[in-house]
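Residues per chain, in single letters:
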Amino acid sequence: MKYFSIAVLFLLSFSAKAQFKEINPSIGWNFVKSQNLSLVDGVWYNTDFAAEKGYDYIFIMNHNLDSAMASIQVFNLQEEFIGSKNRDTSMKTLELSFSVVESGVYKVYFGLNDKNRAVSTHNVQFILVRRKKV
C-alpha cells in the first residue's frame, strides 16, 4: 500500500506539471488554463486560482460581441482589491495583467453585458497565462 501511495503521488505531480504549456519560450510565457464558457448576460462569475510570487499573470477574455461591456476583477482571499479592467467599447478582447506580491489563492470575478440585449447567453473564451518576472 505504501508503494502504491508513492506511485499515485508521483503520477499526480507529473500531471500537475503537465498543465503548463509554453507559449513563447524566449520570453517565458506559460499557458495555464483556457476554458470556453457560456455566460448569461449581466451575471457575474468567479473562480479561485493559485498564484506564485515571482510571476506575472494575465487574464484574457475573448468574445464575439460588437456592443459589449466586459469586466475582469482580481481580489485576494481577504477580498482586498488587486486589479481590474473594464471595457465599454466594441473591443472583442479584454486583458488584465497583474503582478503577484504574495503567493496564495486569489479570486477572479468576470462578467459580460450586451448593450443591445439581443442575446441572453454569450460564448466566451477565458484564458490564464503566467510569466516569470524578469
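Above this text sits the structure in question.
## A look at the overall build of the protein chain
Scanning the protein chain from N- to C-terminus turns up one helix and nine strands. Ordered by position from N to C terminus, the α and β elements of the protein chain give α-β-β-β-β-β-β-β-β-β. Pairs at least 24 residues apart make up 76% of the contacts formed inside the protein chain by residues separated by at least 6 positions. As displayed, the protein chain has an accessible area near 8700 Å², and 56% of this comes from carbon and sulfur atoms.

## Some points on the pairing of strand β8 (residues 104–114)
Sheet analysis places strand β3 (residues 45–51) next to β8, joined by seven bridges and oriented antiparallel. Counted as the bridge partner of Asp48 is Lys107 from β8.

## As for the packing of aromatic side chains
In the structure shown here, the tally under the stated rule is 11 aromatic pairs. Centre to centre, the rings of Phe59 and Phe98 are 6.1 Å apart; their planes meet at 15 degrees, and the pair counts as stacked. A residue pair is termed long-range when its members are at least 10 positions apart, and Phe59 in strand β4 (residues 55–62) and Phe98 in strand β7 (residues 93–99) qualify at 39 residues. Across the pair, Phe98 and Phe59 agree in class, each one buried.

## Some details on unusual backbone geometry
Phi at Glu79 is positive, roughly 60 degrees, even though this residue is not glycine. Relative to the assigned elements, Glu79 resides in the loop between β5 (68–76) and β6 (81–87). Given the relative accessible area of 43%, Glu79 is considered partly exposed.

## Quick word on the pattern of salt bridges
With the rule as written, the count across this model stands at three salt bridges. When the shortest N-O distance is used, the salt bridge between Asp48 and Lys107 registers 3.2 Å. Of this pair, Asp48 sits in strand β3 while Lys107 is found in strand β8, placing the two residues 59 residues apart along the sequence. On the basis of relative accessibility, which here comes to 43%, the residue Asp48 falls in the partly exposed class. Accessibility expressed as a relative area gives 16% for Lys107, which makes it buried.

## Quick look at the pairing of β4
The buried fraction of β4 amounts to seven of the eight residues, a majority that puts the element mostly inside the structure. Sheet topology places β4 next to strand β9 (residues 121–132); eight bridges connect them, and they run antiparallel. Bridge pairing in β9 places Ile58 opposite Val129. Of the pairings in the sheet, the one linking β4 to β7 comprises seven bridges and is antiparallel in character. Bridging from a neighbouring strand, Ile58 pairs with Ser97 of β7.

## Some points on the sheet that holds β3
Hydrogen bonds along the backbone pair up the strands of a sheet, which may run parallel or antiparallel. Overall, antiparallel pairing links the four strands, which are arranged β3-β8-β5-β6 in an open sheet. The sheet is open, and its two borders are formed by β3 and β6, each paired with just one other strand. Pairs of neighbouring strands in the sheet enclose a mean axial angle of 15 degrees, with direction left out of account. The pairing of β5 with β6 spans six bridges and is antiparallel. In the sheet register, Ser71 faces β6, and the bridge partner there is Asn86.

Rules of the game
- Numbering of residues starts from 1 in every chain and runs along the sequence as written.
- It should be noted that, the model being predicted, local features are given only for residues of pLDDT at least 70 and side-chain atom pairs only at 80 or more, the latter also being counted only at that level, while totals for whole chains, interfaces and linings use all residues.
- Remark: hydrogens and water are excluded; side-chain values derive from all non-hydrogen atoms of the structure.
- Under the DSSP-based scheme used, a helix requires at least four consecutive residues in state H or I and a strand at least two consecutive residues in state E, with every element numbered from the N terminus.
- Between two residues, a contact is recorded if the distance between any of their heavy atoms is within 4.5 Å.
- All accessible-area figures derive from a Shrake-Rupley calculation using a 1.4 Å probe, and residue coverage is judged against the displayed protein chains alone.
- Strand pairing is assigned whenever DSSP identifies at least 2 bridges connecting the two strands.
- Aromatic rings from Phe, Tyr and Trp, with only the six-membered ring used for Trp, were paired whenever their centres fell within 6.5 Å, and each pair was classed as stacked if the ring planes differed by under 30 degrees, edge-to-face if by over 60, and tilted otherwise.
- Remark: exposure states derive from per-residue accessible area (1.4 Å probe, protein chains only) relative to the maximum for the residue type, with buried under 20%, exposed over 50%, and partly exposed in between.
- When a carboxyl oxygen of Asp or Glu lies within 4 Å of a side-chain nitrogen of Lys or Arg, that pair is called a salt bridge.
- The convention used is that axes are lines fitted to C-alpha atoms, helices contributing only their stretch in contact, and that angles between N-to-C directions extend from 0 to 180 degrees.

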